[in-house]
Amino acid sequence: MGPQSWTEVPAQLSYEVSDPFAVRITFGESGAGEEGISWLVGRELLRTGLDRPAGEGDVRMWPSRTSGDVLFLHLRAPSGEALFEASRGTLAGFLRLTENVVPVGEESSVLDVDDELAALLSNGGADPNGR
């Protein structure tokens, strides 16, 4: 089944207006030039997971039944899986900050869908027809 032990893992949360539906969580970045492992997690999944189980498949989150400030985040990839324990208060505070940047329900209004669609349809390059 593999190793089953607890260890402290530094994590950094980040949010970008260019991807308003997601929060990037980078694990293991030490600031000493070491790169961490990043996961994009839906902002709505994180918000829901503050109060009740959320997600399915590779990303799941739920609050602890025994401690009001503890959340569990379970991530699964082909190379393995990990269960993280996080502070509910810290995550809730971070999500409030993201909502100051892009309010809930306004995510689509900050996306330039026409430009993104044009880039996708042209395989990421310039549109040869000048559209």
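Details of the structure are given in the entry above.
Predicted model only: the values in this text are computed from it and were never measured.

What to know about the nonpolar core
Consideration 1: Core analysis: the biggest nonpolar cluster contains 18 residues, and Val23, Leu46, Leu73 and Leu91 have the highest contact counts within it.
Consideration 2: Listing elements by their share of this core, those giving two or more residues are β2 (22-27), β5 (59-63), β6 (70-77) and α2 (88-101).
Consideration 3: Per-element accounting of this core gives the leading share, four residues, to α2.
Consideration 4: Among residues more than four places away in sequence, those in contact with leucine 91 are Leu13, Leu46, Leu50, Met61 and Leu71.

Re the pattern of salt bridges
Consideration 1: Enumeration according to the criterion identifies five salt bridges in this entry.
Consideration 2: The closest approach of N and O atoms between glutamate 44 and arginine 47, which form a salt bridge, is 2.3 Å. One end of the pair, glutamate 44, and the other, arginine 47, are both in helix α1 (residues 43-49), three residues apart, so they sit about a helical turn from each other.
Consideration 3: The exposure class of glutamate 44 is partly exposed, given its relative accessible area of 45%.

Conventions adopted
Residue numbering note: each chain is counted from 1, following its sequence as written. Reporting of local features is limited, given that this is a predicted model, to residues whose pLDDT is at least 70; pairs of side-chain atoms are given and counted only at 80 or more, and all residues count toward the totals for whole chains, interfaces and linings. For the side-chain quantities, the full set of heavy atoms in the structure was used; hydrogens and water were omitted. Joining through side-chain atoms within 4.5 Å is the link that ties buried Ala, Val, Leu, Ile, Met, Phe, Trp, Tyr and Cys residues into a set, and such a set is a nonpolar core. Summary of the burial criterion: residues with accessible area below 20% of their type's maximum are buried, those above 50% are exposed, and those between are partly exposed, where the area comes from a 1.4 Å probe applied to protein chains only. By the criteria applied, helices consist of DSSP H or I runs no shorter than four residues and strands consist of E runs no shorter than two, each listed in order from the N terminus. Any two residues whose heavy atoms approach within 4.5 Å at even a single point are treated as in contact. Each reported salt bridge corresponds to a side-chain nitrogen of Lys or Arg within 4 Å of a carboxyl oxygen of Asp or Glu.

Geometric descriptors of this kind do not, in isolation, establish any biological role.
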